[in-house]
Amino acid sequence: MKKVLKDKLNILIIFISIFLILLCFNRSLWGDEAWTAIIMKYDFKEMIREIGQDVHPPLYFVLLKLIVTLFGQHIEIMKIMSVIPTIILMAIGKKYIKHIFKSDFIAGVFICLVGLMPSCMHMSVELRMYSWSIFFVTLMVIYLNRFIKDKNTKNLILFGVFSIVSCYMHYY
């Protein structure tokens, strides 16, 4: 634990993560978030039928239904589910951006942009699929970049998987 806390980028990620999680305790919902919360009250089959009549792909709602089934229908829990990809993305950025640019500063800028830029903060705590979409599209780009560099089939397959998951998470 001491080693983790000595790394300034880890401290930055922890601080921003705590800040974003605290924002989840705002119980206000806007129209689309309220619709998402309402369809989580349906059983799985009825939820899928409702989503089929909507314009959004189903993956986010299926994942959220799993979380609601496990932890209960609490707005804060559902919003924290939207913060999780932002936290993971900051950690990936720390490793990947730091590796590419050989710079703690650039990795720190990336972490701050992902976690603190107003539009990203807003999307991170919304009861919608936006933060998950950013997460999967970023993974898609990372693995495409890796494939272009090393022609490793594993990276091409992961690029394909994250491309498909991105399409089922949100329309583009």
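Rules used in this analysis
Residues numbered from 1 in each chain as written. Predicted model: local features only at pLDDT ≥ 70, side-chain atom pairs only at ≥ 80, totals over all residues. Heavy atoms only, no water. Helix = DSSP H or I, 4+ residues; strand = E, 2+ residues; numbered from the N terminus. Rg over C-alpha atoms; globule rule 2.2 N^0.38 Å. Buried < 20%, exposed > 50% of the residue type's maximum accessible area, 1.4 Å probe, protein only. Contact = heavy atoms within 4.5 Å. Areas by Shrake-Rupley, 256 points an atom, 1.4 Å probe, with all protein chains shown as cover. Lys, Arg positive; Asp, Glu negative; His and termini not counted. Charge placed at Lys NZ, Arg CZ, Asp CG, Glu CD. Core = buried A, V, L, I, M, F, W, Y, C linked by side-chain atoms within 4.5 Å. 1 Å grid on protein atoms, 1.4 Å probe; cavity = no way out; pocket = protein on both sides within 12 Å on 5 of 7 lines; lining within 4 Å. Points joined across faces, edges and corners; volume = space filled by probe spheres on them. Nonpolar A, V, L, I, M, F, W, Y, C, P; charged D, E, K, R; others polar. Expected span 1.5 Å × (residues − 1). Patch = residues over 30% accessible without salt bridge, like charges linked within 9 Å, V, L, I, M, F, W, Y side chains within 5 Å. Salt bridge = Lys/Arg side-chain N within 4 Å of Asp/Glu carboxyl O.

Trainee: Help me understand the overall build of the chain in this model?
Mentor: Helix and strand counts for the chain come out as 10 helices and zero strands. The C-alpha atoms of the chain give a radius of gyration of 17 Å, which matches the 16 Å a tight globule of 172 residues would have. Overall size of the chain, expressed as C-alpha extent along the three principal axes, is 50 × 40 × 25 Å. Within the chain, buried positions represent 40% of all 172 residues. Of the contacts formed within the chain by residues at least 6 apart in sequence, a portion of 70% connects residues at least 24 apart. Accessible surface, the chain as shown: approximately 9,900 Å² in total, 72% of it carbon and sulfur. With 19 positive and 11 negative side-chain charges, the chain shows a separation of 14 Å between the mean positions of the two kinds.

Trainee: Can you walk me through the nonpolar core in this structure?
Mentor: What tends to happen in soluble globular proteins is that the nonpolar side chains get buried as a cluster. Counting 39 residues, the largest nonpolar core has Met40, Tyr60, Phe61, Leu64, Met78, Trp132 and Phe136 as the members making the most contacts within it. Ranked by the residues each element gives to this core, the list is headed by helix H6 (residues 75-101), at eight residues. The contacts of methionine 78, once residues within four sequence positions are left out, are Ala37, Met40, Leu64, Val68, Gln73 and Leu127.

Trainee: Before we go on, may I ask you to explain the layout of surface pockets in this structure?
Mentor: A probe matching the size of a water molecule, rolled over the atoms, marks out where space remains unfilled. There is about 160 Å³ of room inside the largest pocket. If you go around the largest pocket, the residues you meet are Leu23, Asn26, Ser28, Leu29, Trp30, Glu33, Lys79, Met121, His122, Val125 and Glu126. Of the residues belonging to the lining of the largest pocket, the class tally is five nonpolar, three polar and three charged.

Trainee: Just checking my understanding: could you explain H6 for this structure?
Mentor: Working note: α-helix, 3.6 residues per turn, so residues spaced by three or four point in the same direction. Across its 27 residues, H6 extends 39 Å between first and last C-alpha, which sits within 8% of the 39 Å expected from 1.5 Å per residue. Just beyond H6, the residue with positive phi is lysine 102, at close to 55°.

Trainee: Looking at this structure, I do not really get a nonpolar patch on the surface. What am I missing?
Mentor: A cluster of nonpolar side chains, namely Ile100, Phe101, Phe105, Ile106, Val109, Leu113 and Met117, defines an oily patch on the protein surface of about 620 Å² accessible area. Looking at the nonpolar patch, the element that brings in the most residues is helix H7 (residues 104-116), giving four residues. Within the fold, leucine 113 resides in helix H7.

Trainee: I'm lost on the environment of tyrosine 42 in this one. Help?
Mentor: With respect to the helices and strands, tyrosine 42 occurs in the loop between helix H3 (31-39) and helix H4 (44-52). The spacing of tyrosine 42 and lysine 65 is 23 residues in sequence and 9.2 Å in space, taken between C-alpha atoms.

Trainee: Got a minute to help me understand the pattern of salt bridges in this structure?
Mentor: Here the idea is simple: oppositely charged side chains can pair when their charged atoms come close. In total, this model carries three salt bridges according to the counting rule given. Between arginine 49 and glutamate 50 there is a salt bridge; the shortest N-O distance is 3.7 Å. Arginine 49 sits in the partly exposed class, given a relative accessible area of 43%. One salt bridge in this structure joins lysine 98 and aspartate 104, with 3.0 Å as the shortest N-O distance. Take lysine 98: its relative accessible area is 32%, and that puts it in the partly exposed class.

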